[in-house]
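Residue-level listing of the chains:
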Amino acid sequence: MGKNNTIVIVSNRLPFILGKNKNGKTEVKKGAGGLVTAMAPVLKNRKGTWVGWPGYVEETDIDDNLLAAVESEATGYRVQPVMLSAEELKMYYEGFSNSIIWPLFHDSTDKCVFLPDYWQSYKKVNRKFASSVAQIARPSDFLWVHDYQLILVGEHLRKMSLKNRIGFFLHIPFPPVDTFARCPWRKEILSAMLEYDILGFQTAQDKHNFFECLKQILHPPRIDPKVELAKGVSELFFAGKRIRIGVFPISIDFNEFFLTARESKTQQRAVEMRKSRPETMIILGVDRLDYTKGILEKLQAFRLFLTLFPTAHKKIHFIQLVVPSRREITAYVELKYRIEQLVGEINGKFGLHDWLPVQYMFRSLERNELISLYRASEIAFVASLKDGMNLICKEYCACNVDEQGVLILSEFTGAADQFKRDAILINPHDIEGTARAIYRAMNMPVEERKRRMHNLRTIVASKDVFWWVNGFFDAASKKILSCVEIDPGQGKVFGTGV
Ligand code: ADQ
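S.K.: Describe the site of the ligand, and please don't skip the residues or the numbers.
M.R.: In the vicinity of the ligand lie 21 residues, with His171, Val323, Asp387, Leu391 and Glu395 positioned nearest. One of the side-chain N or O atoms of Lys293 is found 3.0 Å from an oxygen atom in the ligand. Leu365 places a polar main-chain atom, nitrogen or oxygen, 2.8 Å from a nitrogen atom of the ligand. Within the complex, 84% of the 720 Å² of free accessible area of the ligand lies under protein. Elements with a minimum of two residues in the shell around the ligand: β11 (281–288), β12 (316–323), α13 (367–376) and α14 (392–399). Residues belonging to the shell around the ligand are distributed by class as follows: ten nonpolar, five polar and six charged.

Below is the structure:
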């Protein structure tokens, strides 16, 4: 991909949310995630387009002129909305995406509901996204499709005869073959992934799992991976086509977080947050409501920590922020209930008139408020049971301007690959080990904290979200070096089905 190619980004959601406020007036809110931050300048410079769902269903009556207004307001790049009906959202998004792929790819197969109707809807909606892309794509455009909701878009685009270079990035983990093989549509999904020119994963393990699935499920006559073209980027030759497969750990806009955290008003707000408890350490958890984030395991570990270490009572305060998410799905409603029950139980058992062990908040915070909270906290606590990357730990490090914070991090996050030397790594299933990790974090000498946090921040600063975007684009455009045949191995081979 040359410097002059225009980019088309395709994601489930557009980088802003359109909806009606309480008075029935249409409102536009800008998205603030890392992907938006990273892509906005690229799209603007190259006059690109973002294709996605605008956040409301077809049945909602929204002013037609609004999208035009959004385009001019936003951004300097174009947006192409893909409208979805309430039924499509239910079947494709809540159904196939979040009741099949999300649990399957996060090691939670017990939560998978393999309904064939979900699959039909997923195919149909992916085709709809592809048609929308086909309407606007010019032959020299580089098309970049994002995440698990849209795996089949590339294949549909090929069926529509688009010859563009097309890339795909998977933000969530790719599961091991024994897990992936349970999916009734495993062959279709893998074959569709091979229609892309470049595939990006968060970690080397995800890439390895993908290769194992190719070998054992598609059992191609020959796969020829790969001399590495660049670090972590390989090339395979499959069915007459060359496909690049790389590892690109996503990150955040370090400077944006760092500079906001350093502002005096952020510091003041952080001081205010600590006012009522100057002598008490804050251990902070920030997670979307999701069973993969290990929120219950964190609470269980904190409960055991309070039992094992009574001397720590009144000296530590656990703030757990939970951002509402996917509340239409039963597993999420149940999880919320169990979290609230456990918080109540811990506070009931250990709380004192002047000390609340756990403070739980179920809402989304304004970004500046979140950054102040990161600054105010001595320890960040990430206990995901499985997480593609986890941006919270990177945001915490970026905001830790005095470099005295401690990061407790689950081994099962993508981020653990980058942070394993300087975070306190935990197995969140090991409740006692995690309880002891909290004690260790609390009592870590200042010099050690500083050294570790400095190293963590150096990684986040040098490998930020712009480094991530550039790495993906470079890999998409580098010249082919060579292809080497490898032994496909002796692993188990799953049946071909009918
Ligand atoms: P998520 O599962 O959504 O993303 P994560 O990486 O933790 O998970 O990112 C969450 C984002 O939401 C952060 O940018 C954070 O600032 C924001 N957020 C969280 N809590 C908030 C709160 N209370 N108020 C306001 N904002 C809050 C998926 C994958 C991850 C992967 C990302 C990016 O599941 O593994 O890291 O994509 O690829």
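Okay, back to it.
S.K.: Please provide a residue-by-residue account of the pattern of salt bridges, values included.
M.R.: Taken as a whole, this structure holds 22 salt bridges when the rule is applied. Between Arg138 and Asp141 there is a salt bridge whose closest N-O contact spans 3.9 Å. Residue Arg138 is classed as partly exposed on the basis of its relative accessible area, which comes to 48%. Measuring nitrogen to oxygen at the nearest pair gives 2.9 Å for the salt bridge that ties Asp354 to Lys314. One end of the pair, Asp354, is in the loop between α12 (330–350) and β13 (358–362); the other, Lys314, is in the loop between α11 (295–308) and β12, with 40 residues separating them in the sequence. Given a relative accessible area of 45%, Asp354 falls into the partly exposed group. One salt-bridge network, held together by shared partners, links Glu88, Lys124 and Lys128.

S.K.: Any chance you could break down the sheet that holds strand β4 (residues 49–53) for me, citing the residues and the numbers?
M.R.: Pairing in this open sheet of eight strands is mixed, and the strands run β5-β4-β1-β6-β7-β8-β10-β9 from one edge to the other. Looking at strand neighbours, the two that pair on one side only are β5 (78–81) and β9 (234–238), the edges of this open sheet. Pairwise comparison of adjacent strand axes, ignoring direction, gives a mean angle of 20° for this sheet. Where strand β8 (residues 198–201) lies against strand β10 (residues 241–247), four bridges are found, and the strand directions are parallel. Residue pairing in the sheet places Gly200 in a bridge with Gly246 of β10.

The rules we used
Residues numbered from 1 in each chain as written. Predicted model: local features only at pLDDT ≥ 70, side-chain atom pairs only at ≥ 80, totals over all residues. Heavy atoms only, no water. Near = heavy atom within 4 Å. Polar contact = N/O pair within 3.5 Å; in protein donor to acceptor, adjacent residues only side chain to side chain. Areas by Shrake-Rupley, 256 points an atom, 1.4 Å probe, with all protein chains shown as cover. Helix = DSSP H or I, 4+ residues; strand = E, 2+ residues; numbered from the N terminus. Nonpolar A, V, L, I, M, F, W, Y, C, P; charged D, E, K, R; others polar. Salt bridge = Lys/Arg side-chain N within 4 Å of Asp/Glu carboxyl O. Buried < 20%, exposed > 50% of the residue type's maximum accessible area, 1.4 Å probe, protein only. Pairing = 2+ DSSP bridges. Axes fitted to C-alpha atoms, helices over the stretch in contact; angles between N-to-C directions.

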